Amino acid sequence: MEVVLASSSVDGGIGCWDLHTGAEQLRYKSCLSPSHGLISVGSRFIAASQLRETSATSGSVLFWSWSKPQVEVKSFPAEPIKPLASNHPGTFIVGGASSGDIYLWEVETGRLLKKWRAHFRAVTCLVFSEDDSLLISGSEDGTVRVWSLFMIFDDFRGQQANNLYEYSFSGHTLRVTDVVIGNGGCNAIIVSASEDRTCKVWSLSRGTLLRNIVFPSVIDSIALDPAEHVFYAGSRDGKIYIAALNTESVATNNCGMHIIGSFSNHSKAVTCLAYGMSENLLISGSEDGMVRVWNARTRNIVRMFKHAKGPVNNILVVRRENSTNHISSNVQTLSRKQGANLPPPLEKYANSIDEDSDMSTMVSLGGGSSSVVPSYISSHLISNYIKELQHQGSSAASEMETEKLKHDYQRSMQMTNQWKKMYENLNKFCVQELLDGSQATTLDENHN
Amino acid sequence: MSCSFELSLCKLFVEIHCEVLVLRYKSNLQSLKLSVLKEEALELGGLVMVEKILQWPGKMTRSKANSKKQPGIDFKKIRRKIGRKLPPPKNTTNTEIKSKAIVLPEQSVAAEKTGLAVNKKGLTLKELLQQTSHHNPKVRRDALMGIKDLFTRHPAEQKSHKYAAVEKLRERIGDDDKVVRKSLYDLFKVVILPCCKEDNQELIVSLLMPYIFNAMTHLSVDVRMMAFDFLDLILEFYPPSFSPSYAEKIFLNYEDILRRNQYYLQDKGKLKDALSGLVRCLSLLPWNKGETHLHNKDDTRQRVLHAFEVDMPMNSNGFSYIIKNLKDLVPALINSFLEFIPLIHSMESLEGKSFGCMASILHCIDLIVRSIAYGTDKKSESQSSLGGPDVAIWDVTISSVLLKKLFPLFPLNPADHLSARDCGRLLDLNMVIAKIFFELNEWTCLPPNLLEKFLEFFENALLGKFFWATQSAKAVWEEHLIQLLPFIPKFVSRGAGYWTSRLLQAFTLTFRESKPGSMLKLACVSAIEDMLTYIESMLSIETSNPENLNLQDALLAWIEDLPLLLIQLGDKHPASSQAVLRLQLHIGQCALLNSILVCMYDNMQQSLQDFYCTCQEGGEQICYGPFLSLPRESQELSLCSLYYFSHLDQPILKSIAHCCLSDDLDSCVLFRIIEILHSAYRDGHIKIADYLSVFITLVLRFKVSPEFGSSGLKSDPLRQTLKSMTTVLCSYIAQMGDNGLVLQMIEKVIIDQIPQKPSLDNSCSLLRMLVTVDSKPTRLSEQSISTLGHHLSEYLMDAVQCIPEDDEQGTPSVQLGIQHYYLLPCFFLFDRCHKVMNLVLKKMGSAIYDSSLLLKSDKCSQHIRNCLNKVNAVTSVLLLMHKEAKLQQIMSLFKENIDNIVEEVISLQSSGKISMKIEEHEIKCALERLQILTR
């Protein structure tokens, strides 16, 4: 089930709709999120940072589980946090503070693993690269910085080097409003939008500016086309501009260099954009509180969701497994009894020396077996898990084991199917070849 | 037309030829082969005819068949009668020559030269070229002079024969006689090379180069020196001729000549020329040209995103191996430099030539050191592991030579007896040596005591402790200083201990003292920009550290100077202004981390006001600052830096608002200003009251010509701007949040402005803003309702009277008319508050009554016209209101008011004051239209 989540800076909760049927799902209550402040952590639960009064010294990050509309876990980091991001498996949550610091928490334990000075001004957006090894941050000071997680956890190299960051792109003259990263690992492109009315395309491998596109209005959000032919830019004048990435400079219309076209049905500014996962759908949120789903090819509105009166400022597309079917009921009840559906709140400060021996974070690359998703879990947690496994009594462990077995089963089924198919294909091919061969020889004979 | 005509003509031609061929074919069918005919046809008419010919029925096949049927006779028997002459063969050529008379060419010895180009002495080019290889040098010289003369007289001659001439003349490059070489040099310089500017230059260069190289290895030193002059000439004439294939040879020859210093010490002028040639060669090396930056800039716009890119720039490829040759040059250069050192101390006064030589030598060393640094950079990038030891060894040789021989001489202290002028020259040399030292220091570690000495010199230079005799000497010194400035950021970021603060202080002084708009100032600004990120990151770690405090003090001092600098620069130096604005923006971007910095940055706005605009106290006099006349890019930068002030105060907002109202401001910039102010407001950098007052000022003061053009808003850009600006402002106001609160804030200001009767457009915009924040049952206070009711009627009547009426048939209903635009805010008010409508209707009635009263006392035509206009205006307003469905209902509530108006009109009509026919008719029409409403 592909689900659209939308939140607003005015309290309207988090709206949730099925993208394909349009049916509204549960509405999660009491959420006042800033832009880029809504994430789904590994599709397991929803997390959102909260706007707070300017006088408040601490921030606030709330967790919702998929099944309950109420807030389940509340955490209060040391500083107001605006943008949030989590890596794809959902083991880390990263938050950008208004002082320019970036906080990195481990989800399972809620521990604050790292905090570092990233920007001179407030961080406005955070995004993980496709393989989760890089973190890209945009800031109010107009810089876009690329951080390698390896470097951040490597204290020794961090002290040696002048800068923690891999790149610092300082082309924008005003605050960065959105950053996206394309596919292609280390050779990807980064597109950043800013209030200076430009979008800039950067090369991750070379660390250079590839393209500068000037728009007629401020761009608040970007969505990359999956094939990276174009990107969509939602602007404050209510239009969604389409900018070319692959073609050479085109200046066909009066919009400007590289801008292919635009479409608009928004009365007010477009504040956020997202791209559907399975279909060619573009989803936009607007200042008037509507969420519109466009067919990206025809640029027609397919669907509209009314979220709230206030501006929508976050849209998320999440693939959700139907949880009730998936996990056997007894396990669920077991875990519910424990209240372990959601992880503990995020810690305010980094734990000091007491666990120093274990603190060095271990990074597992998934080893040789490609089936295991690379996960970044601190050794402390792993040792806990190992203990539980040894005791054999823990429900989480059994749950994990069944999960793993199920996964293995599924994989082997897939494999057999694949083999079968391959065998059939091969067989077919051989037969055809033989037939063709004999046919050809007979033909030749006839000819002669 | 003509084309088709030609085509038909062609066809006709083909037809005719076909017929002719057919006739020929028929007449001698036997002798003519069809294939021959076909060929002819092909020549004449192409395929059409061939086809035609092939269509002839059966001819071809039959003839073929005939020939085939004949039995093959291999040897024909020929019988010859004896005594008869053999007939001539058919294919003989007639060789007989017939002529009426025989003419012999002239046989005199003196050649006839009429029609040929000759020089003053009557010699042709051919003769002159022959004479250039005469054994007598005087003849050769004369010949060269003659060629020069000839070419200047007959440029056409030169054009046609230049390659031949060059081919012959090049032999003279290695001539033994000095005068001949000199005149050849002149000939090339003045006549031949300038003429070849647009031709194939490479050919000429390739013709000359072998001979030049030949001359460079000549036994006589004079010839060699001259050869370098020739080389210099060619490089000047065609710089690309400095190609990798020649470069190696060139540098080898230079090295050779420098080694034999005993020859040239006598003649320093020659050496100076040769050295300046070497400087030219070195600066032609691709990495010393410094053009690559510009090239890349263009690229980003055009390139395909994922285009393949060569790792190394193409042009430097061939040169990379030359670096070794360059290294060999250094010892020779230093040795010859050392030859000059005794001169400084011994001689009474130094002549210019030896100074020139020394300066050139140092310049060469500087360029070479830079090239080597570049080469090692390249190497370490491309093959960090492989080429390591190799590079290191080379480097050591160079740096040790420099360390042993050159740097101990520093500083070159002037002897007491030298004049001020010579001291200045020595100072120049010192500066260059310092530059070489710092350059070298970047990639090898040099002894600290030397570094100390150089840094001290650098500090003194920055502090301006040296004296210059003349203004030009100072200019030269500044140039050198500009080249030294980029090293300051490098020292600072490396943490040079106590030197950091000393250097920074000295640098700050230079920054302050240098003339605004000068290159030195610009270099200072870019040096500050380079230091900025380092300083900021240091300050962000901790500020208590005394070293960091030094950094902070320096930064504060620079920030303090920026606004004044901007104002001093004015609009005369756009490049400098842009650099300063960029610096200001960058400082702003990272100014949040430290309260002192924030404070300093915020304080800048007070002095920055004058950059935008200055308002004289009391008076209306406005004096615009340089902002308005700067190019777009700089304006953008300065606006962006506004966003980073932690709070924008009223005075600067005021001066920005004044700027917005200026006629010279582009409307794009105006919208950009509003946009940036809005983002600043959203982030809490502007107080809401100040922000709203800026809006109201803009809307109220924006000047629009009162006359309406016939074609409406489209043709009036100012009016259009005001309209779209109002739209933008209204949308921003609507985004602010609680509309009720905003209304409370702006209500009084706007209501106070209405009775003062701003122009129609401004009132309309004000009303639009008011309507935007108001809600359906109005939230306006009683007092403002009554004020509005009092004044809106006049506004409405003005609107109807001033604006040309909409073409009801012409404009489609989708596009709202102009009149409608002006009336709409009032309609909203009527809808939300019926009382306003009541008041307005009443006011209209009384207006008609008042004007009719005036008529009673004085019945001049002016008053009659006035009165009629009022009646018409009221009528059209009421009709327009009536068209709106919503308003129609409300109007029915106030029927008695409308009736009252009708009565007034009737009484006016019946009073008999209006006597003229046309006017009577007009009032009748109005009455009829009114009565539709009351029905």
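Residues numbered from 1 in each chain as written. Chains lettered and ligands numbered in written order. Predicted model: local features only at pLDDT ≥ 70, side-chain atom pairs only at ≥ 80, totals over all residues. Heavy atoms only, no water.

An unreviewed UniProt entry lists chain B under the name Pre-rRNA-processing protein Ipi1 N-terminal domain-containing protein, from Phaseolus coccineus. Here chain B is described in UniProt, under the heading Sequence similarities (unreviewed entry), as follows: "Belongs to the IPI1/TEX10 family." (UniProt positions renumbered as here; feature names shortened; annotations may be inferred.)

As named in an unreviewed UniProt entry, chain A is Neurobeachin beta-propeller domain-containing protein, taken from Phaseolus coccineus.

Break down the sheet that holds strand β13 (residues 144-148) of chain A for me, citing the residues and quoting the values.
Consider a sheet: its strands pair through backbone hydrogen bonds, and that pairing is either parallel or antiparallel. Residue and element names in this part refer to chain A. Strand order in the open sheet made by the four strands is β11-β12-β13-β14, with antiparallel pairing throughout. Strands with a single pairing partner mark the edges of an open sheet, and in this sheet they are β11 (123-128) and β14 (167-169). Between one strand and the next, the sheet's axes are offset by a mean angle of 20 degrees, whatever the strand orientation. Where β11 and strand β12 (residues 134-139) come together, five bridges link them in antiparallel fashion. Within β12, the residue paired with Phe 128 across the bridge is Leu 135. (Pairing = 2+ DSSP bridges. Helix = DSSP H or I, 4+ residues; strand = E, 2+ residues; numbered from the N terminus. Axes fitted to C-alpha atoms, helices over the stretch in contact; angles between N-to-C directions.)

Quick one: what's the story with the packing of helix α32 (residues 688-701) of chain B against helix α34 (residues 739-753) of chain B, residue by residue and with numbers?
Helix packing geometry: the angle between the two helix axes and the distance between the axes. Residue and element names in this part refer to chain B. α34 packs onto α32 with a crossing angle of 35 degrees between their chain directions and a minimal axis gap of 11 Å. Pair α32 / α34 crosses with right-handed handedness. Of the residues in α34, those in contact with Ile 688, Ala 689, Leu 692, Ile 696 and Leu 700 of α32 are Val 742, Met 745, Ile 746, Val 749, Ile 750 and Gln 753. Of the residues contributing to the contact of α32 with α34, the split by class is ten nonpolar, one polar and no charged. (Left-handed = near helix turned anticlockwise from the far one by under 90°. Contact = heavy atoms within 4.5 Å. Nonpolar A, V, L, I, M, F, W, Y, C, P; charged D, E, K, R; others polar.)

Can you lay out the environment of Asn739(B) for me, pointing to particular residues and giving the numbers?
Residue and element names in this part refer to chain B. Summarising the element assignment, Asn 739 is placed in helix α34. The spacing of Asn 739 and Thr 772 is 33 residues in sequence and 8.4 Å in space, taken between C-alpha atoms. The residues touching Asn 739, leaving out its near neighbours within four places in the chain, are Ile 733, Ala 734, Thr 772, Val 773 and Arg 779.

So, the sheet that holds strand β4 (residues 45-49) of chain A: which residues are in play, and what are the values?
Residue and element names in this part refer to chain A. Spatially, β3-β4-β5-β6 is the arrangement adopted by the four strands of the open sheet, whose pairing is antiparallel. The open sheet has two edge strands, β3 (38-41) and β6 (73-75), and neither has a second partner. The mean angle between the axes of side-by-side strands here comes to 20 degrees, regardless of whether they run parallel or antiparallel. In this sheet, strand β5 (residues 61-65) lies alongside β4 in antiparallel orientation, the contact comprising five bridges. Across the sheet, the residue bridging to Phe 45 is Ser 65, located in β5.

Requested: an account of helix α30 (residues 650-661) of chain B, with residues and values cited.
All names here are of chain B. End to end, α30 covers 17 Å across twelve residues, agreeing with the expected 16 Å (1.5 Å per residue, within 8%). Of all the twelve residues making up α30, nine are buried; the element is thus mostly covered by neighbouring parts of the structure. For α30, the complete set of buried residues consists of Ile 652, Leu 653, Ser 655, Ile 656, Ala 657, His 658, Cys 659, Cys 660 and Leu 661. Its buried side turned inward, α30 meets α28 (595-612), β1 (613-615), β2 (622-624), α29 (632-643), α31 (667-682) and α32. (Expected span 1.5 Å × (residues − 1). Buried < 20%, exposed > 50% of the residue type's maximum accessible area, 1.4 Å probe, protein only.)

Give me the pairing of β13(A): which residues, what numbers.
Residue and element names in this part refer to chain A. The buried count for β13 comes to five of five residues, which makes it a mostly enclosed element. Going residue by residue along β13, you find Val 144, Val 146 and Ser 148 tucked away on one face and Arg 145 and Trp 147 tucked away on the opposite face as well. Where β12 lies against β13, five bridges are found, and the strand directions are antiparallel. For Leu 135, the partnering residue across the bridge sits in β13 and is Trp 147. Linking β12 to β13, which pair antiparallel, is a turn of four residues; within it Gly 142 sits at a positive phi near 90 degrees. With three bridges connecting them, β13 and β14 associate as antiparallel partners. From the neighbouring strand, Val 144 faces β14, where its bridge partner is Phe 169.

Kindly report on the packing of α34(B) against helix α35 (residues 760-773) of chain B, identifying the contributing residues and their values.
Residue and element names in this part refer to chain B. The interhelical angle for the contact between α34 and α35, taken along N-to-C directions, is 155 degrees, at an axis separation of 9 Å. With respect to α35, the axis of α34 lies roughly antiparallel. Handedness of the crossing formed by α34 with α35: left-handed. In contact with Asn 739, Val 742, Leu 743, Ile 746, Glu 747, Ile 750, Ile 751 and Gln 753 of α34, α35 contributes Leu 766, Met 769, Leu 770, Thr 772 and Val 773. Its residues assigned to classes, the contact of α34 with α35 comprises nine nonpolar, three polar and one charged. (Parallel < 35°, antiparallel > 145°, perpendicular 65-115°, else oblique.)

Outline the nonpolar core, listing residues and values.
Core analysis: the largest hydrophobic core is formed by 270 residues, its most contacted members being Leu402(B) and Phe830(B). A per-element tally of this core places helix α10 (residues 221-237) of chain B first, with twelve residues. If sequence neighbours within four positions are ignored, Leu402(B) has contacts with Val330(B), Ile334(B), Ile365(B), Val369(B), Phe407(B), Pro408(B), Ile436(B) and Leu440(B). In this structure, Ala193(A), Leu210(A), Phe215(A) and Ala233(A) belong to the second largest nonpolar core, which totals 18 residues. (Core = buried A, V, L, I, M, F, W, Y, C linked by side-chain atoms within 4.5 Å.)

Break down the environment of Glu747(B) for me, with residues and values.
Residues and elements named next belong to chain B. Of note, Glu 747 is situated in helix α34. Here the alpha-carbon distance between Glu 747 and Met 769, two residues 22 residues apart in the chain, equals 9.6 Å. Glu 747 has contacts with Leu 770, Arg 779, Leu 780, Ser 781 and Ser 784, leaving out every residue within four places of it along the chain. At 2.4 Å, the side chain of Glu 747 and the side chain of Ser 784 are in polar contact. (Polar contact = N/O pair within 3.5 Å; in protein donor to acceptor, adjacent residues only side chain to side chain.)

Summarise the packing of aromatic side chains; cite the residues concerned and give the values.
Applying the stated rule across the entire model yields 35 aromatic pairs over all chains. Between Tyr232(A) and Phe263(A), the ring centres sit 6.5 Å apart and the planes meet at 75 degrees, which makes this aromatic pair edge-to-face. Taken as a pair, Tyr232(A) in strand β20 (residues 230-235) and Phe263(A) in strand β22 (residues 259-263) lie far apart in primary sequence, 31 residues in all. Taking relative accessible area as the criterion, Tyr232(A) reaches 5% and is therefore assigned buried. Residues Tyr643(B) and Tyr644(B) carry aromatic rings whose centres are separated by 4.9 Å and whose planes lie at 85 degrees to one another, so their mutual orientation is edge-to-face. You can call Tyr643(B) buried: its relative accessible area is 0%. Overall, Tyr644(B) belongs to the buried group, its relative accessible area being 1%. (Phe/Tyr/Trp six-rings, centres within 6.5 Å; stacked < 30°, edge-to-face > 60°.)

Can you break down the UniProt feature "repeat: WD" (unreviewed entry) in chain A residue by residue, with the values?
Per the UniProt entry, the sites bearing "repeat: WD" (unreviewed entry) are residues 116-149, 169-212 and 263-304 of chain A in this numbering. The distance separating the terminal C-alpha atoms of residues 169-212 of chain A is 13 Å; by composition the span is 0% helix and 52% strand.

Outline unusual backbone geometry, listing residues and values.
Residue and element names in this part refer to chain A. A positive phi angle, close to 65 degrees, is found at Asp 132, a residue other than glycine. Mapped onto the secondary structure, Asp 132 falls in the loop between β11 and β12. The backbone of Arg 299 sits at a positive phi, close to 60 degrees, despite the residue not being glycine. Tracing the backbone shows Arg 299 in the loop between β25 (290-295) and β26 (300-306).

So what about a nonpolar patch on the surface? Which residues, and what values?
A contiguous nonpolar surface patch, about 350 Å² in accessible area, is contributed by Met415(A), Trp419(A) and Met422(A). Relative to the helices and strands, Met415(A) is located in helix α7 (residues 395-447). (Patch = residues over 30% accessible without salt bridge, like charges linked within 9 Å, V, L, I, M, F, W, Y side chains within 5 Å. Areas by Shrake-Rupley, 256 points an atom, 1.4 Å probe, with all protein chains shown as cover. Salt bridge = Lys/Arg side-chain N within 4 Å of Asp/Glu carboxyl O.)

Which residues make up the pattern of salt bridges, and what values do they have?
All names here are of chain B. The full count for this structure, using the stated rule, is 33 salt bridges over all chains. Residues Asp 232 and Arg 280 are paired through a salt bridge, measuring 2.7 Å at the closest nitrogen-oxygen approach. With Asp 232 in helix α10 and Arg 280 in helix α13 (residues 268-283), this residue pair connects regions lying 48 residues apart in the sequence. For Asp 232, a relative accessible area of 14% corresponds to the buried category. Looking at Arg 280, the relative accessible area reads 29%, which means it is partly exposed. Ionic pairing is found between Glu 675 and Arg 672, a salt bridge with its closest N-O pair at 2.5 Å. Linking Glu 675 with Arg 672, this pair stays in helix α31, spanning three residues, or about one helical turn. Like Glu 675, the residue Arg 672 is buried in the burial classification.

Explain the domain arrangement of chain A residue by residue, including any values.
When cut into domains, chain A gives domain 1 (2-324) and domain 2 (396-448). Inter-centroid distance (C-alpha atoms) of domain 1 of chain A to domain 2 of chain A is 42 Å. (Domains from an automatic or database assignment.)

Now, about the confidence of the model for chain B: what can you tell me, with residues and values included?
Residues and elements named next belong to chain B. Predicted confidence across chain B gives a mean pLDDT of 76, with 77% of residues reaching 70 or more. Predicted confidence is poor over residues 381-393, with pLDDT under 50, and the contacts of this stretch with residues over four places away or in other chains come to three contacts. For the stretch residues 808-815, pLDDT sits under 50, and the model shows two contacts to residues farther than four places along the chain or on other chains. Two summary scores accompany this predicted model of the complex, namely pTM at 0.75 and ipTM at 0.76. (pLDDT = per-residue confidence, 0-100.)

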